[in-house]
Protein chains: 2
Amino acid sequence: MATMKAANAKPGARTKLVDAAFSVIREKGYSATTVDDLCRAAGVTKGAFFHHFKSKEDLGVAAADHWASVTSGFFEAARYHRHPDPLDRVLGYVDFRKEILQGELAEFTCLVGTMVQETYGSNPAIRDACWRSIGGHAAVIEADIAEAMRHYGLDGDFSATSLALHTQAVIQGAFILAKSKDSASIDADSISHLRRYIELLFGKSHQGM
Amino acid sequence: MATMKAANAKPGARTKLVDAAFSVIREKGYSATTVDDLCRAAGVTKGAFFHHFKSKEDLGVAAADHWASVTSGFFEAARYHRHPDPLDRVLGYVDFRKEILQGELAEFTCLVGTMVQETYGSNPAIRDACWRSIGGHAAVIEADIAEAMRHYGLDGDFSATSLALHTQAVIQGAFILAKSKDSASIDADSISHLRRYIELLFGKSHQGM
DNA sequence: GACGACATACCGACCGGTTGGTATGTTCTG
DNA sequence: CAGAACATACCAACCGGTCGGTATGTCGTC
C-alpha cells in the first residue's frame with residue numbers, strides 16, 4: 001500500500017506538509033492552524049493538500065502518527081540505551097529529556113500533547129493517534145523500568161506501566177508550565193524532580209540535582 | 001409586550017458567559033470555541049457578549065482570572081487545611097486533587113492548562129493570565145511545602161517553589177494523559193506517584209498506594 | 001518506439017457557511 | 001431622563017473543502 005520511495009528523493013508535498021504541521025501546530029495549536037497556514041509553511045498549494053489528505057483532521061492523524069515514528073527513532077538513537085544497568089537507562093532517558101530543552105519552546109514541546117487537548121472531545125481519530133504516540137513511547141520506557149524493578153527487587157507498590165506513564169505526565173505537564181511562564185528552566189526543574197523520585201524509589205545513591 | 005421573559009434570579013450576562021466559558025473551553029479548547037458557542041451556552045446574545053468583553057481574547061483573559069479566584073476559593077474551603085502538620089496539609093492537598101477526579105473529563109480538568117497551550121504563542125495576554133492562575137495556585141501550596149521543609153529539616157537539594165510547581169506539572173500532565181486515553185484512572189495513578197514522591201522526600205512512613 | 005489509456009501529483013480559482021466584530025436599536029433600572 | 005444592559009441585524013474576512021484542469025509518468029500493445 002504505502003508507496004515505496006527512495007530515501008533521498010525530492011521531499012514531495014505530503015512530506016513537506018507533515019513536517020510543516022510539526023512546527024506550525026506546536027506553535028499555534030491545531031484549531032488555530034488553518035489549511036492555508038500549513039500550505040504556506042510547506043510551500044505547496046491547497047490542491048496538493050487535499051490531494052494527499054481527505055480533510056484537515058486526516059492531516060492531524062497523519063502528523064500524530066508520523067510524530068510517533070520520528071520521536072521513536074530519535075530516542076532509539078540516543079546514547080543512554082547503551083548502559084548495561086536498566087536503571088541507568090531509565091535515568092539516562094530522563095537526563096536526555098532535560099538535555100533537549102534547547103531553543104524555542106515550539107522546537108522541543110510535544111506535538112501530540114498539544115493536539116490532544118484540543119481534539120480529545122471533538123476528534124476521536126486524532127485523540128487516538130495521540131494516544132498511540134504517547135502510549136507507544138511510554139511502552140519503550142516501561143521495558144527498561146520493568147527490568148530495573150526486577151533487577152533491584154522492587155515490586156508491589158506500583159506497576160512499571162504506571163511509572164512509565166507518570167514520566168510522560170511529568171514531561172507533558174512541564175511543557176504546560178514552560179509555555180505559561182515562557183521559560184524552559186521551569187521545565188528542567190520538574191524533570192529534575194522526576195529524576196529524584198526515581199532515584200528515591202530505587203534507593204540508589206546519586207550525584208547532585 | 002414584545003418579549004416575554006421568565007422572571008428568574010438574574011446572574012447577569014457577564015457571569016453567565018464566564019461560567020459558560022469554563023465548560024465550553026475545557027471541552028473544545030479556546031480556538032475551537034466560537035463566540036456564538038459561548039453565547040448559546042450562556043443563553044445570551046452576541047450583543048451582550050460584546051457589551052461586556054471587547055473581544056474574544058478579552059473573555060479569555062477574564063475567564064482565566066475568574067478561574068484563578070474560583071479555584072483558590074475552592075481549595076481554601078477544603079478540609080485538608082486543618083491539619084496542624086504542614087506535611088499533612090501538602091499530602092492532603094494531593095489526596096484532594098485525586099478525590100475530585102469524578103465525572104466527565106471536562107468537569108475536572110484545568111481551564112488554564114488547556115488554554116495556555118493554544119495561546120502561549122499568539123495571545124500573550126491570555127498566556128499571562130493563565131500563568132497568574134497556575135503560579136498563584138502553586139504559591140499557596142508552596143507556603144505549606146516551605147513550612148514542611150523547615151519543620152522536617154529538609155533543604156539544599158531543591159526549593160519549595162520548584163516542588164510546588166512540580167506538583168502542578170504532574171497534575172497538568174496527568175490531565176493530558178487522561179484526555180489521550182479518555183480515562184480518569186490514569187490521572188489518579190500519576191497523582192499517586194506524586195504523593196509517593198513527597199513521602200519519600202520527607203522520609204515519612206506511609207501506607208501503600 | 002509510438003501510441004492510447006490510465007494513474008498520480010499538483011495547481012489555484014472558487015464556493016457556501018462560519019467567524020469575530022459592529023452598528024443600531026430596545027428595555028431595564030436608578 | 002440617563003445610561004447601563006441587553007437584543008437584532010448585519011458585514012467583510014476567512015475557513016475548510018471542491019472542482020476543473022495541467023504536467024508527468026508508466027504500462028501494455030502493436
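**Student:** Kindly report on the protein's contact with DNA strand D, identifying the contributing residues and their values.
**Tutor:** Close to DNA strand D lie 17 residues, the nearest being Thr34 and Lys56 of chain A together with Ala13, Thr45 and Gly47 of chain B. Going through the elements one at a time, α2 (35-42) and α3 (46-52) of chain A together with α1 (13-28) and α3 (46-52) of chain B are the ones with two or more residues in the surface near DNA strand D. Ranked by residue count, the leading element in the surface near DNA strand D is α3 of chain B, at four residues.

**Student:** Residues and numbers for the relation of the copies chain B and chain A, please.
**Tutor:** Rotating chain B by 180° and translating it 0.0 Å along the rotation axis places it on chain A, where the RMSD comes to 0.1 Å. Such values leave the two copies arranged in the relation of a two-fold axis. Of every C-alpha in chain B, the one belonging to Gly173 of chain B sits nearest the axis of rotation, 1.8 Å from it. Interface overlap between copies is the fraction of interface residues in one copy that are interface residues in the other; for chain B against chain A it reaches 98%, indicating a shared surface.

**Student:** Please give an account of the packing of helix α1 (residues 13-28) of chain A against α2 of chain A that cites residues and values.
**Tutor:** Residues and elements named next belong to chain A. Where α1 contacts α2, the axes come no closer than 8 Å and their chain directions differ by 110°. Judged by the inter-axis angle, α1 sits roughly perpendicular to α2. The way α1 lies across α2 gives a crossing that is right-handed. Contacts between α1 and α2 pair Ala13, Lys16, Leu17, Ala20, Ala21 and Val24 from the former with Asp37, Leu38, Ala41 and Ala42 from the latter. Across the contact of α1 with α2, the residue classes tally to eight nonpolar, no polar and two charged.

**Student:** Would you mind going over the interface of chain B and chain A in detail, with residue names and values included?
**Tutor:** Chain B puts 45 residues into the contact, and the matching count from chain A is 44 residues. Take the side of chain B that touches chain A: its biggest share by element is 16 residues, from helix α9 (residues 160-181) of chain B. Classifying every residue of the side of chain B that touches chain A gives 20 nonpolar, 16 polar and nine charged.

**Student:** Which residues make up the confidence of the model for chain A, and what values do they have?
**Tutor:** All names here are of chain A. For chain A, the average pLDDT comes to 91, and 92% of its residues sit at 70 or higher. Low confidence marks residues 1-8, where pLDDT is under 50. Its contacts with residues over four positions away, or in another chain, come to zero contacts. Across residues 205-209, where pLDDT falls below 50, the model places four contacts with residues more than four positions away in sequence or in other chains.

**Student:** Account for the nonpolar core, with residues named and values stated.
**Tutor:** Ala64 of chain A together with Ala64 of chain B are the most contacted members of the largest nonpolar core, which has 115 residues in total. In this structure Ala64 of chain B touches Val112, Met115, Ile126, Ala129, Cys130 and Ser133 of chain B, once residues within four positions along its chain are discounted.

**Student:** Explain the protein's contact with DNA strand C to me, using residue names and the numbers behind them.
**Tutor:** Contacts to DNA strand C come from 20 residues, most closely from Ala13 and Gly47 of chain A together with Thr34, Phe50 and Ser55 of chain B. Counting residues per element, the ones that place at least two in the surface near DNA strand C are α1 and α3 of chain A together with α2 (35-42) and α3 of chain B. Sorting elements by how many residues they give to the surface near DNA strand C places α3 of chain A first, with four residues. Its residues placed into classes, the surface near DNA strand C shows six nonpolar, eight polar and six charged.

**Student:** Tell me about the environment of Ala63 of chain A, residues and numbers included.
**Tutor:** Residues and elements named next belong to chain A. Examined against the element boundaries, Ala63 turns out to sit in helix α4 (residues 56-76). In sequence terms Ala63 and Val18 are 45 residues apart; their C-alpha atoms lie 5.5 Å from each other. Filtering out sequence-adjacent residues up to four positions away, Ala63 remains in contact with Val18, Ala21, Phe22, Ile25 and Leu111.

**Student:** If you had to explain unusual backbone geometry to someone new, which residues and values would you point to?
**Tutor:** Residues and elements named next belong to chain A. Even without a glycine there, the phi angle at Asp182 is positive, about 55°. Within the fold, Asp182 resides in the loop between α9 (160-181) and α10 (185-202). Overall, the presence of 14 C-beta atoms within 10 Å leaves Asp182 in the partly exposed class.

**Student:** Quick one: what's the story with the environment of Asp128 of chain A, residue by residue and with numbers?
**Tutor:** Structurally, Asp128 of chain A can be placed in helix α8 (residues 124-151). Linking Asp128 of chain A and Val61 of chain A, residues 67 residues apart in sequence, is a C-alpha distance of 8.5 Å.

Definitions and limits used
- Residues numbered from 1 in each chain as written.
- Chains lettered and ligands numbered in written order.
- Predicted model: local features only at pLDDT ≥ 70, side-chain atom pairs only at ≥ 80, totals over all residues.
- Near = placed C-beta within 6 Å.
- Helix = DSSP H or I, 4+ residues; strand = E, 2+ residues; numbered from the N terminus.
- Least-squares fit on C-alpha atoms with pLDDT ≥ 70 in both.
- Contact = placed C-beta atoms within 7 Å.
- Axes fitted to C-alpha atoms, helices over the stretch in contact; angles between N-to-C directions.
- Parallel < 35°, antiparallel > 145°, perpendicular 65-115°, else oblique.
- Left-handed = near helix turned anticlockwise from the far one by under 90°.
- Nonpolar A, V, L, I, M, F, W, Y, C, P; charged D, E, K, R; others polar.
- pLDDT = per-residue confidence, 0-100.
- Core = buried A, V, L, I, M, F, W, Y, C linked by C-beta atoms within 7 Å.
- Buried ≥ 20, exposed ≤ 12 C-beta atoms within 10 Å, placed from the backbone.

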